[in-house]
Amino acid sequence: MILKILGNNGPYPAPGGACSGYLLQSDSGDTRILIDCGPGVLSRMMAEDCLDTLDAVVLSHLHYDHMSDMLPMQYALQLNPRKKPLPVYAPEEPEHVAGLLRCPYYDLWPAEDVTVGEMRISFTAARHPVPTNAVGVTCDGKRFVFTGDTNEDTMVELFCNGASLLLADSGFARADHSFTKPHMSAELCGKLAAKAGAKRLLLTHLNPKYDPKALLAEAQEHFPASELAELGGIYYI
Ligand SMILES: [Zn+2]
Ligand SMILES: [Zn+2]
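A brief structural summary.

Regarding the sheet that holds strand S13 (residues 226-228)
- Taken together, seven strands build an open sheet; the order of strands is S7-S8-S9-S10-S11-S12-S13 and the sheet is mixed. Whereas interior strands pair on both sides, the edge strands pair on one side only; in this sheet they are strand S7 (114-116) and S13. Here the average twist between neighbouring strands, direction ignored, is 25 degrees.
- As paired strands, strand S10 (residues 142-146) and strand S11 (residues 165-169) are joined by three bridges and run parallel to one another. Looking at S11, one finds that Val145 is bridged to Leu166.
- Packing against the sheet, helix H7 (residues 212-220) makes contact with strand S12 (201-204) and S13, and its axis sits at approximately 165 degrees to S13.

As structure tokens, then:
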């Protein structure tokens, strides 16, 4: 699979940046999905010129930093019609946000395990203030896992087991983290990758108030092969 980072910030974008958005493509190029669509992601999707060939959108949860560009995407699809509505897999709550996705251009589905083209997509509940899923994608003999937004969680930990590439929520620096927060720390991402036996770790949900290099150093203490998910970066899984 090929992963392209279209947004790596949260809960708001850095100057010139974008929040959660990850374009995942099979090796053949025949299957392509977008995971999350936060502010700044649609502009980068337009640059990829793949709205009409996209097979599905998967939203880890309905916080605005993970879905807000799904709103203007409706206008893009209205003016550039697809043959069929775009399948969107997302939690059904909070209801007032889910309601914003009801339009003729989206084919809404609950976040349940599904096969999309060559990809098997699976979900497990994460630990966050609204219904949120970690997302796993198996394709081309590899397994990609995105933690979604979550604090430490045993089920998420099991779900990450053996990931070829783990993309993890490092929303906090160690100094600001506690068990009740909505995100992991960069340090916990490193520990998670080590425990899960992941081959690679990318840190994402980078809060603009932190120095990314400091977050990376925290993760590397526990998982030396940690990397930052770079905006526009391409990763071969
Ligand atoms: Zn977030
Ligand atoms: Zn969130």
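Now that the structure is up, let's keep going.
Observations concerning the environment of Asp27
- By the element assignment, Asp27 lies in the loop between strand S2 (21-25) and strand S3 (32-35).
- Exposure remark for Asp27: the 15 C-beta atoms within 10 Å place this residue in the partly exposed category.
- Excluding residues within four positions of it along the chain, Asp27 makes contact with Met1 and Asp140.

Things to note about the environment of Ala173
- Examined against the element boundaries, Ala173 turns out to sit in the loop between S11 and helix H6 (186-196).
- Since 17 C-beta atoms lie within 10 Å of it, Ala173 is described here as partly exposed.
- Setting aside residues up to four positions removed in sequence, Ala173 forms contacts with Ser185, Ala186, Tyr210, Ala214, Leu215 and Glu218.

Digging into the pairing of S2
- With five of five residues buried, S2 lies mostly within the body of the structure.
- Going residue by residue along S2, you find Gly21, Leu23 and Gln25 tucked away on one face and Tyr22 and Leu24 tucked away on the opposite face as well.
- Two strands pair when backbone bridges link them, and strand S1 (residues 2-7) and S2 are joined in this way by five bridges, in the antiparallel orientation. The residue of S2 that forms the bridge with Ile5 is Tyr22.
- Bridging between S2 and S3 involves four bridges; their strand directions are antiparallel. In the strand pairing of S3, Gln25 is matched with Arg32.

Focus on the packing of H6 against H7
- As a packed pair, H6 and H7 sit with axes 7 Å apart at the nearest point and diverge in direction by 35 degrees. Both H6 and H7 take part in a crossing whose hand is right-handed. The residues of H7 that touch H6, namely those facing Ala186, Glu187, Cys189 and Gly190, are Leu215, Glu218, Ala219 and Gln220.
- Residue classes in the contact of H6 with H7 are distributed as four nonpolar, two polar and two charged.

Let's talk about the sheet that holds strand S4 (residues 56-58)
- Spatial strand order, S6-S5-S4-S3-S2-S1-S14: seven strands in an open sheet with mixed pairing. Strand pairing shows two members of the sheet lacking a second neighbour, strand S6 (106-109) and strand S14 (234-236), which therefore form its edges. On average, each strand axis in the sheet is tilted by 25 degrees relative to the strand beside it, whichever way the strands run.
- Across the sheet, helix H1 (residues 41-48) lies against S1, S2 and S3, angled at about 135 degrees from S1, the strand it touches most.

Regarding H7
- Here H7 has its buried residues at Leu215, Glu218 and Ala219. The arc enclosing the buried residues of H7, seen along the axis, measures out at 95 degrees, which places them on a common side. Exposed and facing more than 90 degrees away from the buried side of H7 are Lys213 and Ala214.

What counts, and at which threshold
Residues numbered from 1 in each chain as written. Chains lettered and ligands numbered in written order. Predicted model: local features only at pLDDT ≥ 70, side-chain atom pairs only at ≥ 80, totals over all residues. Pairing = 2+ DSSP bridges. Helix = DSSP H or I, 4+ residues; strand = E, 2+ residues; numbered from the N terminus. Axes fitted to C-alpha atoms, helices over the stretch in contact; angles between N-to-C directions. Contact = placed C-beta atoms within 7 Å. Buried ≥ 20, exposed ≤ 12 C-beta atoms within 10 Å, placed from the backbone. Left-handed = near helix turned anticlockwise from the far one by under 90°. Nonpolar A, V, L, I, M, F, W, Y, C, P; charged D, E, K, R; others polar. Arc of directions from axis to C-beta.

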